[in-house]
Amino acid sequence: MIITIVAGATFREAVRSRAFIGLLIIFAICALLSRIVGWVSSTDGHIVTTDLVLSLQSLIGVLVAVATGTALVQTEIQSRTLYTILSRPVERWQFVVGKFLGLAAALAAGQAAMALLGLAWLWVTGAEVHGWLLLACAMTTLEVLVMAAVALCWTALSSPLLAAVLGLATYAAGHAVASLPDLMHHLKGGQQIVAVTLASLIPNLGEFTYRNQAVYRLPLGLHDVLQHLLYGVAWCGLLVTITVAVIRRKQL
Amino acid sequence: MTDSIVSFSGVTYAYRGDWLQRIQALHAVDLAVPTGCAFGFLGANGAGKSTSIKLAMGLLTGHQGDIRLFGQPIGSPALRQRLGYLPEQPYFYENLAVGEYLDYLGRLSGLERSGLTAAKDRVYQLLDLGDLRGRKLGSFSKGMRQRFGLAQAILHQPDLLVLDEPFSGLDPLWRARFKDVMALERQRGATLFFSSHILSDVEDLCDHYAVIDHGRVLEQGRLADLFGQAPLILTASGPAPAEAKPGAEGTWTLEFPEQERAARLAALPTGAQVLRLERHRLGLEDWFVARIRDVHGAGKRLGDDV
């Protein structure tokens with residue numbers, strides 16, 4: 001009950017923030033302009049436009065997640081907005097979980113709005129709109145939620161600015177991890193162990209990238225999709241748990 | 001200390017400073033706030049008032065000693081249902097409107113939706129927030145935020161109201177209104193525990209007080225007892241004792257403590273005619289400044305001897 005109340009207020013606060021609305025507007029403008037790239041492309045213009053729109057959704061979603069995720073708890077501490085909340089019958093873990101769920105709901109709503117807008121624009125421009133695109137959008141949403149959890153965790157351990165830098169670094173590293181199997185044969189025994197160990201500490205964001213499969217309609221296995229879904233949920237759970245452990249000891 | 005609604009026993013607390021440095025904020029603080037009183041918590045900047053309040057609210061952890069609310073150790077969320085808290089210089093979410101915010105905080109305090117409307121109407125009326133119910137808090141001035149801060153603190157009619165510098169940022173009219181609201185809350189049965197730099201307000205509202213300085217409670221008790229310690233001033237005419245000060249139109253005055261009343265009156269020179277015997281009006285502000293200066297010379301005026 002407490003968690004849903006906190007989540008509800010966080011959702012309302014997040015979707016009304018200037019950063020959230022501003023980035024949605026930027027997405028809309030970029031998505032509209034993406035058709036120009038499609039026109040000048042030497043290959044199939046619709047495929048290029050579709051790929052661009054999906055990439056924009058991921059990029060802007062991650063930026064919103066990192067920007068709002070890093071501000072989520074630290075700003076509450078710095079501006080003391082949480083004093084009036086934690087002086088009520090609210091446990092710190094309920095506060096953190098509620099904040100994350102509220103932010104996750106806002107980010108999911110943002111992703112849904114971007115998907116709706118992007119797919120509508122693709123349909124208007126004559127590109128083929130099919131179910132695989134929806135799946136790609138859904139998996140991008142999961143990637144964004146994992147990034148929100150990453151940002152939340154970093155902000156509990158450092159300052160908001162450093163957390164934003166570390167969050168974006170984790171995003172880059174998370175996609176680099178996806179390329180690790182291709183690089184393994186270049187590494188020697190000890191290096192391989194180090195690489196695998198480091199990679200296991202970072203969420204593999206490549207697991208949520210379904211853009212190519214969706215754009216080129218490559219075959220998708222339900223088992224893989226479910227596995228990646230569980231992988232994303234597990235990372236969110238782990239990162240929120242670490243955040244709770246840190247915030248419980250934090251001096252406010 | 002079962003009749004104390006807030007009690008500190010030997011509470012020591014240190015902040016983490018740079019690197020491994022520890023900054024001692026409280027030293028073996030003993031404090032007892034009697035149930036039903038209006039308690040003024042006085043101290044200079046950095047004396048430890050807000051730290052003590054935050055410890056009682058459970059916002060800071062890692063203290064040594066025992067802190068109790070309603071006679072029970074702090075930590076239980078259920079206890080916090082019975083208290084209202086206004087932090088120092090409060091900030092609130094910018095994108096929530098007054099009504100939404102009160103809904104949010106009221107529900108966190110356990111108010112049902114049915115009771116929430118009446119509770120909101122009550123605080124709208126007390127703090128003139130009715131016309132602002134749809135306005136977002138991001139557009140509020142400091143004084144308006146303070147009004148909202150008090151509204152959220154009293155929304156659920158708590159048994160204990162903890163206010164950290166409640167008069168900060170208020171103009172004289174709103175200071176007066178805040179005092180009225182706090183008096184009404186006390187009439188309702190709430191205990192008031194608040195810190196303030198504006199000592200005349202403490203004097204108007206409180207019946208108990210404590211003074212904290214450099215993390216140590218210097219003294220605490222009933223305000224009436226403190227005022228009872230003020231010296232007596234005797235105004236008389238006729239033959240004067242050697243230590244008397246000359247007054248207007250042939251009168252003289254003599255100042256002495258309450259304990260010496262009988263001896264001093266008996267020792268008056270023959271023929272002296274007592275005109276008035278009154279208690280010196282002790283200003284809390286003057287007393288406080290003198291008390292703190294006595295300890296460590298804080299806040300000396302420019303030009304004072306160092």
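This structure is a prediction, so every number in the text was calculated from the model and none was measured.

1. Examining the nonpolar core
Step number 1: With 148 residues, the main nonpolar core has Y104, L127 and F193 of chain B as its most contacted residues.
Step number 2: No other element matches helix α7 (residues 131-157) of chain A, which puts 15 residues into this core.
Step number 3: Aside from chain neighbours lying at most four places away, what touches Y104 of chain B is I5, V6, A9 and I85 of chain A together with Y93 of chain B.
Step number 4: L232, W252, F256 and L268 of chain B belong to the second largest nonpolar core, which has 8 residues in total.

2. Here's the deal with the interface of chain B and chain A
Step number 1: Taken residue by residue, the interface counts 32 residues in chain B and 29 residues in chain A.
Step number 2: Buried area between chain B and chain A, both sides added, is near 2800 Å², and the carbon and sulfur share of it is 54%.
Step number 3: The largest per-residue losses of area from chain B upon contact with chain A belong to L59, Y93 and L108 of chain B, which jointly make up 25% of the total buried on that side.
Step number 4: Inspection of the region where chain B meets chain A yields 2 salt bridges.

3. Regarding the packing of helix α5 (residues 142-154) of chain B against helix α6 (residues 172-188) of chain B
All names here are of chain B.
Step number 1: It is at 12 Å that the axes of α5 and α6 come closest, and there the two elements cross at 5 degrees. In this view, α5 runs roughly parallel relative to α6, as classed from their interaxial angle. Residues Q146, R147, L150 and I154 of α5 touch α6, and the partners they reach there are W174, F178, V181 and E185.
Step number 2: Looking at the contact of α5 with α6 residue by residue, the class counts come to 5 nonpolar, 1 polar and 2 charged.

4. Details of the sheet that holds strand β13 (residues 251-256) of chain B
All names here are of chain B.
Step number 1: Strand order in this open sheet of 4 strands is β12-β13-β11-β14, and the pairing throughout is antiparallel. Unpaired on one side and paired on the other, β12 (245-246) and β14 (273-279) mark the two borders of the sheet.
Step number 2: Inspection of the sheet shows strand β11 (residues 232-237) paired to β13 by 6 bridges, in the antiparallel sense. In the strand pairing of β13, S237 is matched with T251.

5. Considerations on the side chain of R88 of chain A
Step number 1: Within the fold, R88 of chain A resides in the loop between α5 (83-86) and α6 (92-124).
Step number 2: Not counting residues within four places of it along the chain, the set of residues in contact with R88 of chain A comprises R80, L105, L108, S109, Q152 and H156 of chain B.

6. A closer look at the pattern of salt bridges
Two side chains carrying opposite charge are able to pair once their charged atoms lie near each other.
Step number 1: Scanning the model with the defined rule gives 14 salt bridges over all chains in all.
Step number 2: Residue R82 of chain B is joined to D159 of chain B by a salt bridge in which the shortest nitrogen-to-oxygen separation is 2.8 Å. Remark: D159 of chain B occurs in the loop between α5 and β7 (160-164) and R82 of chain B occurs in the loop between α2 (77-80) and β6 (83-86); sequence separation between them is 77 residues.
Step number 3: A relative accessible area of 35% places R82 of chain B in the partly exposed class.
Step number 4: When salt bridges with common partners are traced through the structure, they connect R12 and R16 of chain A together with E100 of chain B into a single cluster.

7. Concerning the environment of R145 of chain B
Residues and elements named next belong to chain B.
Step number 1: Considering the arrangement of structural elements, one finds R145 in helix α5.
Step number 2: With a relative accessible area of 16%, R145 lands in the buried category.
Step number 3: Between the C-alpha atom of R145 and that of Q24, which follows or precedes it by 121 residues, the distance is 31 Å.
Step number 4: Non-local contacts of R145, meaning those with residues more than four positions away in its chain, are made with P90, Y91, F92 and F140.

8. Re the domain arrangement of chain B
Step number 1: Entries for chain B in the domain assignment read domain 1 (4-226) and domain 2 (231-279).
Step number 2: Measuring from the centre of the C-alpha atoms in domain 1 of chain B to the corresponding centre in domain 2 of chain B gives 46 Å.

9. Let's talk about helix α12 (residues 222-249) of chain A
Residues and elements named next belong to chain A.
Step number 1: In this model, α12 (28 residues) spans 41 Å end to end at C-alpha, consistent with the 40 Å of a helix rising 1.5 Å per residue.
Step number 2: Among all positions in α12, only V225, H228, G232, W235, C236, L239, V240, T243, V244 and I247 are buried.
Step number 3: Along its buried surface, α12 packs onto α6, α7 and α10 (189-200).

10. Details of the packing of aromatic side chains
All names here are of chain B.
Step number 1: Scanning all chains against the criterion turns up 11 aromatic pairs over all chains.
Step number 2: Taking the centre distance of 5.5 Å and the plane angle of 85 degrees together, the rings of F92 and Y101 count as edge-to-face. Comparing F92 with Y101, the two get one shared label, buried.
Step number 3: By the ring-pair criterion, three or more aromatic residues cluster together here, those being F92, Y93, Y101, Y104 and F148.
Step number 4: Over the ring of Y91 we find R145, and its NZ or CZ is 4.5 Å from the ring centre.

11. Structural notes on the side chain of N204 of chain A
Residues and elements named next belong to chain A.
Step number 1: One can find N204 in the loop between α10 and α11 (211-215).
Step number 2: A polar contact is formed between the side chain of N204 and the backbone nitrogen of G206, at a distance of 3.0 Å.
Step number 3: In this view, N204 contacts G174, V177, A178 and Y231; residues no more than four positions away in its chain are not counted.

12. Overview of the pairing of β6 of chain B
Residues and elements named next belong to chain B.
Step number 1: Where burial is concerned, the two faces of β6 agree: the one with L83 and Y85 and the one with G84 and L86 are both buried.
Step number 2: Here β6 runs beside β7; their pairing, made up of 4 bridges, is parallel. What sits directly across from Y85, in β7, is V162.

13. Here we look at unusual backbone geometry
Residues and elements named next belong to chain B.
Step number 1: Located in the positive-phi region is A28, a residue other than glycine, with phi close to 40 degrees.
Step number 2: Tracing the sequence through the fold places A28 in strand β2 (residues 22-34).
Step number 3: One non-glycine residue, E249, adopts positive backbone phi at about 50 degrees.
Step number 4: Within the secondary structure layout, E249 lies in the loop between β12 and β13.

Definitions and limits used
Residues numbered from 1 in each chain as written. Chains lettered and ligands numbered in written order. Predicted model: local features only at pLDDT ≥ 70, side-chain atom pairs only at ≥ 80, totals over all residues. Heavy atoms only, no water. Core = buried A, V, L, I, M, F, W, Y, C linked by side-chain atoms within 4.5 Å. Buried < 20%, exposed > 50% of the residue type's maximum accessible area, 1.4 Å probe, protein only. Helix = DSSP H or I, 4+ residues; strand = E, 2+ residues; numbered from the N terminus. Contact = heavy atoms within 4.5 Å. Buried area = accessible area lost by both parts, 1.4 Å probe. Salt bridge = Lys/Arg side-chain N within 4 Å of Asp/Glu carboxyl O. Axes fitted to C-alpha atoms, helices over the stretch in contact; angles between N-to-C directions. Parallel < 35°, antiparallel > 145°, perpendicular 65-115°, else oblique. Nonpolar A, V, L, I, M, F, W, Y, C, P; charged D, E, K, R; others polar. Pairing = 2+ DSSP bridges. Domains from an automatic or database assignment. Expected span 1.5 Å × (residues − 1). Phe/Tyr/Trp six-rings, centres within 6.5 Å; stacked < 30°, edge-to-face > 60°. Lys NZ or Arg CZ within 6 Å of the ring centre and 35° of its normal. Polar contact = N/O pair within 3.5 Å; in protein donor to acceptor, adjacent residues only side chain to side chain.

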